[in-house]
Amino acid sequence: MIKCLLYALSLCLLSIQVSYAQTRTISGKVSDLESGQGLPGVSIFIEGTTTGTITDVDGNYSITAATGNVLVYQSVGYIAQKITLGTESTLNVTLTTDTQQLNEVIVIGYGIQEKRSLTGNIAKVSGATIENTAVPTFEQAIQGRAAGVFVESQNGKLGQGIKIRVRGASSLSAGSEPLYVVDGIPITSQSQSSTSANTNPLADINFNDIESIEVLKDASAASIYGSRASNGVVLITTKKGKAGKTKLNINYFKGFSKETDRREFMNAEQYATYFREAAENAFALDPSFDYVSFNEGRLQRYGAGDPDWESNNVDTDWQDEVFRTGEVDQIDVNASGGNDKTRFYIAGQYMDQEGILIGNRFQRLSGRINLDHTINKRLTVGMNLSLSRTENDRLSNDNAFSTPIQIVALSPTTPVIDPRTGLLSGQLDNNTGLPNTNYPVYYNPLLGLENGFYKAVVFRNIGNLFASFNIIKDLVFRSEIGVDILSQTEEAYYGSATSRNTGTPNGFGSNYYTLVTNYNTNNFLTYTKILEKHTIEATGGMSYQQSNTDLNTVEGQNFVSDSYKTLFSAAQITAGTSRKTAFSFLSYFLRANYRFNEKYLISLSGRIDASSRFGKDNRYGFFPAASAGWVITEERFMENIKFLSFLKLRLSYGLTGNAEIDNFASRGLFGSSGYVGVPGQAPTQIENQNLKWETTAQTDIGLEFGLFNGRLTGELDYYIKKTSDLLLNVNIPGTTGFRTAIANVGKLENKGVEIVLNSQNFVGEFTWSTSLNLAHNKNEVTDLDGQQLGDNDLNRAIEGQPIGVFFGREFAGADPDNGDALYVRNITNADGSIDKSLTNDYNEAQNVVLGNPNPNWIGGITNTFSYKGFDLSIFFQGVFGNDIYNGGGQYMSASGSNGYDNQTLDQLRAWQNPGDITDVPEARLFFANGTNPSSRYLSKGSYVRLKTLTFGYNFPQSIVSKIKMEKLRIYFSAQNLLTFTDYEGWDPEVNADYQATNINQGVDFYSAPQAKTISFGVNLGF
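S.K.: Is there a simple way to explain the overall build of the chain in this structure?
M.R.: Secondary structure summary: the chain contains 11 helices and 53 strands in total. Rg of the C-alpha trace for the chain: 33 Å, near the compact-globule value of 31 Å for 1022 residues, within the 12% margin. For the C-alpha atoms alone, the extent of the chain along its principal axes is close to 140 × 75 × 70 Å. Out of the 1022 residues belonging to the chain, those deemed buried represent 53%. The contacts in the chain between residues at least 6 apart in sequence include a share of 69% that link residues at least 24 apart. Accessible area for the chain stands at about 42,600 Å²; split by element, carbon and sulfur atoms hold 56% of it. Each charge class in the chain was averaged separately, 83 positive and 104 negative side chains, and the resulting centres sit 11 Å apart.

S.K.: When you look at the environment of Gln140 in this model, what are you seeing that I'm missing?
M.R.: Tracing the backbone through its elements, the reader meets Gln140 in helix α3 (residues 138-141). It is 32 Å that separates the C-alpha atoms of Gln140 and Leu905, two residues lying 765 residues apart in sequence. Apart from the residues within four sequence positions on either side, Gln140 is in contact with Val135, Ser153, Ile162 and Lys947. Only 3.1 Å separates the side chain of Gln140 from the side chain of Thr137, close enough to count as a polar contact.

S.K.: Can you walk me through the sheet that holds strand β4 (residues 60-66) in this structure?
M.R.: Hydrogen bonds between backbone groups are what pair the strands of a sheet, and the pairing can be parallel or antiparallel. Reading across the sheet, the 3 strands line up as β4-β1-β7 and stay open at both edges, with mixed pairing between neighbours. With one partner strand each, in any of the chains shown, β4 and β7 (93-95) form the two edges of the open sheet. Averaged over all neighbouring strand pairs, the angle between strand axes comes to 35 degrees, with direction disregarded. Inspection of the sheet shows strand β1 (residues 23-32) paired to β7 by 3 bridges, in the parallel sense. Looking across to β7, one finds that Val30 is bridged to Val93.

S.K.: Please explain helix α5 (residues 268-285) as it appears in this structure.
M.R.: For an α-helix, the turn length of 3.6 residues means that residues three or four places apart are oriented alike. Taking 1.5 Å per residue as the helical rise, α5 with its 18 residues ought to reach 26 Å, and the 26 Å between its terminal C-alpha atoms agrees with that figure. Every buried residue of α5 is accounted for by Ala268, Tyr271, Ala272, Tyr274, Phe275, Ala278, Ala279 and Ala282. All buried residues of α5 fall inside an arc of 165 degrees around its axis, so they share one side. Structural note: α5 exposes Glu269 and Ala284 on the side pointing more than 90 degrees away from its buried face. Its buried side turned inward, α5 meets α6 (291-302). Where α5 begins, one side-chain oxygen reaches toward the backbone nitrogen of Glu269, 3.2 Å away; that side chain belongs to Asn267.

S.K.: Looking at this structure, how should I read the sheet that holds strand β3 (residues 52-54)?
M.R.: If you trace the 4 strands from one edge of the open sheet to the other, you get β3-β2-β5-β6, paired in antiparallel fashion. Two strands lie at the open edges of the sheet, namely β3 and β6 (81-84), each paired on one side alone. Each adjacent strand pair in this sheet contributes to an overall mean axis angle of 20 degrees, direction not counted. Alignment of strand β5 (residues 70-74) against β6, held across 4 bridges, turns out to be antiparallel. What sits directly across from Val70, in β6, is Thr84.

S.K.: How should the pattern of salt bridges be read in this particular structure?
M.R.: Pairing between side chains becomes possible if they bear opposite charge and their charged atoms approach one another. Taken as a whole and assessed by the stated rule, the structure comprises 54 salt bridges. One salt bridge connects Lys455 with Glu391, and the closest N-O pair in it is separated by 3.1 Å. Pair noted here: Lys455 is in strand β22 (residues 452-472) and Glu391 is in strand β21 (residues 379-393), with a separation of 64 residues, a long-range link. With its nearest N and O atoms 3.4 Å apart, the salt bridge here joins Lys940 to Asp883. Of this pair, Lys940 sits in strand β49 (residues 938-940) while Asp883 sits in strand β48 (residues 883-886); the two residues are 57 residues apart in sequence, bridging distant segments of the chain. The class of Lys940 is exposed, set by a relative accessible area of 58%. Judged by its relative accessible area of 7%, Asp883 falls in the buried class. In this structure, a network of salt bridges that share partners links the residues Lys115, Arg167, Lys217, Lys648, Arg650, Asp700, Glu704, Glu715, Asp717 and Glu754.

S.K.: Can you walk me through the side chain of Asp352 in this structure?
M.R.: Tracing the backbone through its elements, the reader meets Asp352 in strand β19 (residues 342-354). A polar atom in the side chain of Asp352 sits 2.5 Å from the side chain of Arg361.

S.K.: Help me understand the environment of Gly448 in this model?
M.R.: The residue Gly448 is located in helix α8 (residues 445-450) in this model. In contact with Gly448, other than residues within four places in its own chain, are Tyr443, Phe453 and Thr498.

S.K.: Got a minute to help me understand the pairing of β4 in this structure?
M.R.: In summary, the side chains of a regular strand alternate between the two faces of the sheet. Summarising burial for β4: 5 of the 7 residues are buried, a large majority. Taken together, the 7 bridges between β1 and β4 define a ladder with antiparallel strand orientation. The residue bridging Thr23 from the neighbouring strand is Ala66, located in β4.

S.K.: Can you walk me through the side chain of Asn132 in this structure?
M.R.: Positionally, Asn132 belongs in the loop between α2 (127-130) and α3. Polar contacts involving the side chain of Asn132 include one to the side chain of Asn251, which spans 2.9 Å. Once you skip the residues sitting within four places of it in the chain, Asn132 turns out to touch Phe207, Asn208, Asn251, Phe253, Gln330, Asp332 and Tyr971.

S.K.: Is there a simple way to explain the environment of Gln406 in this structure?
M.R.: Looking at the secondary structure, you find Gln406 in the loop between β21 and α8. Along the backbone, Gln406 and Trp986 are 580 residues apart, and their C-alpha atoms lie at a distance of 12 Å. Among all residues touching Gln406, those that are not within four sequence positions of it are Asp398, Asn399, Ala400, Phe401, Phe1005 and Tyr1006. Among the polar contacts listed, one links the side chain of Gln406 to the backbone oxygen of Asp398, at a separation of 2.8 Å.

S.K.: Help me out: how do you make sense of the confidence of the model for the chain in this one?
M.R.: Detailed reading of the predicted coordinates is not advisable wherever pLDDT is low. Scored by pLDDT, the chain comes out at a mean of 90, with 95% of its residues at no less than 70. For the stretch residues 1-21, pLDDT sits under 50, and the model shows 0 contacts to residues farther than four places along the chain or on other chains.

S.K.: Just to check I follow, could you spell out the nonpolar core for this structure?
M.R.: Taken as a class, soluble globular proteins show a tendency for nonpolar side chains to be buried jointly. Among the nonpolar cores identified, the biggest contains 45 residues, and Tyr271, Leu925 and Trp986 are the most heavily contacted of them. Broken down by secondary-structure element, the contributors of at least two residues to this core are α5, α6, α7 (318-322) and α8. The greatest single-element share of this core, amounting to 7 residues, is contributed by α5. Look past the residues within four positions of Tyr271 in its chain and what remains in contact with it is Met266, Leu299, Tyr302, Ser411, Pro412, Thr413, Val441, Tyr900, Asp901 and Asn902. Formed by 25 residues, the second largest nonpolar core is a distinct cluster that contains Ala123, Ile164, Val182 and Leu202.

S.K.: Is there a simple way to explain the packing of aromatic side chains in this structure?
M.R.: What describes a pair of aromatic rings is the distance from one ring centre to the other and the angle between the planes of the rings. Taken as a whole and judged by the stated rule, the model has 38 aromatic pairs. Centroid distance Phe623 to Trp693: 5.7 Å. Interplanar angle 85 degrees. Geometry classified as edge-to-face. Placement of the pair is Phe623 in strand β28 (residues 620-631) and Trp693 in the loop between β31 (681-685) and β32 (694-707), with a sequence separation of 70 residues. One exposure class covers both Phe623 and Trp693, and it is buried. On the basis of an interplanar angle of 65 degrees and a centroid distance of 5.5 Å, the ring pair of Tyr994 and Phe1005 is categorised as edge-to-face. On the criterion of sequence distance, the pair formed by Tyr994 in the loop between β51 (967-981) and β52 (1003-1004) and Phe1005 in the loop between β52 and β53 (1011-1021) is long-range, its members being 11 residues apart.

S.K.: Where do I start with the pairing of strand β47 (residues 870-880) in this structure?
M.R.: Bridge count for strand β46 (residues 857-867) against β47 is 11 bridges, and the pairing is antiparallel. Its bridge partner lying in β47, Phe865 is registered against Leu872. Taking the residues between adjacent antiparallel strands as the criterion, β46 and β47 are bridged by 2 residues, where Lys868 takes a positive phi near 45 degrees. In the sheet, β47 pairs with strand β50 (residues 943-954) via 10 bridges, with the strands oriented antiparallel.

S.K.: In this structure, what is going on with the packing of α5 against α6? I would like to understand it.
M.R.: Packed helix pairs are characterised by how far apart their axes lie and by the angle those axes make with each other. Between α5 and α6, the shortest axis-to-axis distance is 8 Å and the interhelical angle comes to 155 degrees. Between α5 and α6, the interaxial angle falls into the category roughly antiparallel. Note that α5 runs across α6; the crossing there is right-handed. On α6, the residues that touch Tyr271, Ala272, Phe275, Arg276, Ala279, Glu280, Ala282 and Phe283 of α5 are Tyr291, Val292, Asn295, Glu296, Leu299 and Tyr302. Residue composition of the contact of α5 with α6, grouped by class: 10 nonpolar, 1 polar and 3 charged.

S.K.: Would you mind showing me how to read unusual backbone geometry here?
M.R.: Glycine aside, the phi torsion of most residues is negative, and most peptide linkages are trans. The backbone of Lys868 sits at a positive phi, close to 45 degrees, despite the residue not being glycine. Of note, Lys868 is situated in the loop between β46 and β47.

S.K.: I keep staring at α6 and nothing clicks. Help me out?
M.R.: In this model, α6 (12 residues) spans 16 Å end to end at C-alpha, consistent with the 16 Å of a helix rising 1.5 Å per residue. Buried residues of α6: Tyr291, Asn295, Leu299 and Tyr302, and no others. In an axial view of α6, the angular spread of the buried residues amounts to 75 degrees, which keeps them on one side of the axis. Those residues of α6 that are buried are in contact with α5.

Calculation notes
Residues numbered from 1 in each chain as written. Predicted model: local features only at pLDDT ≥ 70, side-chain atom pairs only at ≥ 80, totals over all residues. Heavy atoms only, no water. Helix = DSSP H or I, 4+ residues; strand = E, 2+ residues; numbered from the N terminus. Rg over C-alpha atoms; globule rule 2.2 N^0.38 Å. Buried < 20%, exposed > 50% of the residue type's maximum accessible area, 1.4 Å probe, protein only. Contact = heavy atoms within 4.5 Å. Areas by Shrake-Rupley, 256 points an atom, 1.4 Å probe, with all protein chains shown as cover. Lys, Arg positive; Asp, Glu negative; His and termini not counted. Charge placed at Lys NZ, Arg CZ, Asp CG, Glu CD. Polar contact = N/O pair within 3.5 Å; in protein donor to acceptor, adjacent residues only side chain to side chain. Pairing = 2+ DSSP bridges. Axes fitted to C-alpha atoms, helices over the stretch in contact; angles between N-to-C directions. Expected span 1.5 Å × (residues − 1). Arc of directions from axis to C-beta. Salt bridge = Lys/Arg side-chain N within 4 Å of Asp/Glu carboxyl O. pLDDT = per-residue confidence, 0-100. Core = buried A, V, L, I, M, F, W, Y, C linked by side-chain atoms within 4.5 Å. Phe/Tyr/Trp six-rings, centres within 6.5 Å; stacked < 30°, edge-to-face > 60°. Parallel < 35°, antiparallel > 145°, perpendicular 65-115°, else oblique. Left-handed = near helix turned anticlockwise from the far one by under 90°. Nonpolar A, V, L, I, M, F, W, Y, C, P; charged D, E, K, R; others polar.

Set out below in structure tokens:
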């Protein structure tokens, strides 16, 4: 009996040993058959069991299985593959695209997800779509390519600020720009400019290194970033190396730029005739002053004391002096590759771009190294590091006589070179001491460009180190430590020739230094469990960010000569300051996704944030979100609807916050305050310990569909965003010693629709695809506690109206009887009726809402064609329904009333005789006839732009392989090639840089137009 038991036990042990020998860890990589790139998010499970796993971001996986098991590889958009396991321990698999499914992997906060499984709204722009675009920053490159994302440059100056609004502005006084996250690290994106005109720190990024850009738009997608996400989140993922042969790519292009348009101004003859008429008209109204003689003296003065303009020998088009043909040269080199252990991506770029305005130039030198190394099957480490140096030859703000475009205010009767001195008009000759009468109307901007400089140099380091550790099966811990260091120096020097502008006869210099050190760490766990019909994904962890800013400024004057341009040579240091500031965030986040049978989808997320910017009693905020999706086409009742290949309904709701205010806004602050040489201090800000986040509650309902085996796909979305507890400066009792304080007051709302359509019109040897996106947003300030906000001439924030509406008098043209400017009274009578009668008294007219700077619709459409190596891409971008206020109109289109600025040609329509019907009042020298802020200078700003046109040719492989290459492509590209608009200014994409805020927008004040660029390039692959 004992022998039998021992024998049975021996058999059991042998069986266990055999089973153990057959069960082992299988590892490998899943790749796309066509591109060879690793596929993240591929589901892998043993058929007939609940055992499974998912590939990582590079397509790598490992699973425990035994010989004879059938491994199933599934990914949305690919044909599933089954492989019976033999004796191998490494199994690399390639999947073939299934055109009947939607396939796209989307980067989300702290992870990735298949688009099919998304329950939130995320717009993705591929890096390949925008690479080699002849613009300095990626925001300009994605303009019009993401539904609901409004991108607007302030002007055509290189490196200047750019406005981005995701589903409308969510704040009045706090920041309205999205949060930017590069490879998981929030970066510094706020302007560090020493002037009121913003610069763009994102211009430091080489966007040819970008793999993809995802814009998180609804609360479900963005709430994982909590208090940072009310304005949307932009996730930037840079390129990574792939295992395989090392690939080397070289791309070079050269381009030429011109302004998109010019304004038409009077020539010398028209100018002289016009102002003589204006002087005569003024004299007829006021004979007590000899306007006619005064005018003749001025014409003589502005002609540099020479009457050559009378015989048409001088007729200066000042736009010719400041506009030029800009050039751009750019070369990119990158190498990528690796093996199963180590992958790398190394890249470098040099870009040199001359602007269309003389004196404006932007250069960028950048390098990037992305590495990741698999130490063993459980631990992967890596780094992403970019270094860049940008140099921006800046120009003065729009509202400065020294900015080049304001040269149009000078008289066309003024010669560029003063014939008496041989110097630029307006430049004093220190040798002869000619009097001021040789000055033109204003300061000549050419003097500053010839005799000074204004340069901003930025060194930027954005990088992170990360480690990913598989703790146990399906549970991964990832730790990231990142840093963003921005070191900026703005140096300016203006020589003695600029004294009329600077007020310093012997030169003026300044140096502004800014150092922003931004530290960040993310530590989180990701759990993924794949069962036969159930998939659970959960991510939870913490994040900490600290940002320190140091600023130092020095100014000096009285230089021995213009050959000495550094502050070391200044005889007198006139100003100097230093300042430090900082903020920090501590955050905890959690997200859980559940999928049942790949058709029922649920996502829950939440984030707790603590910010140093808020009061001690409100430092923490909780921002939850929930969303659900239903893949309707997975239901049995949809099986017979053959034309419908995909249909998903999704719904989301959640809260996000906004903390973009001054770092110490909640605190009572003191500052130095000396008195008769005795040092002291005084309060500078009243405290508000109740200050808390602005909060935005957003509801989104969306429908995604695919028709005709995926040949036509699209998305429809409707959303409502309601922001409460607006962070505003409000009036407080004067007994406090202060006039205003920041508090949580007010509400606003955005609601709109988004439409996305993608179609494969032709497939085969000749292909034609179309991509269309349209978005409508309606913004409304719903509560301001009875206040009305606004600083400039017309822009206001008013209850019941969109942010920044134009609010002022309604202009009604010229009085046919006498040429007076007329305005609509718009007075509310006792019975509630509106008095719409006309008056020539500006003060009798009441302010009304005149227009809206916010567009009703934005969008873009791309058509892409290819045939036998040739490819053509045509991209149109459009903005519709907005208004633009010409803030310079009171000077350049002023009925001769505001001095001797050259006038736009439309002023030749000025009223002259009784009975004339015109919208231009009579020209009257120094009489304010229609120059006050009004709807006279308001125009429609809608436009459609041929944003990008690219035509290229890929040489066939039979030719390329003979010259030991893998790729040879030549191409032609055009940016802003055509613009269709009724706007009469330089360019309809405008937002005057010196005063741009959430409220002050849609104003054109001598703002430079966008550049039209044509370039030619070559791409080499080895």
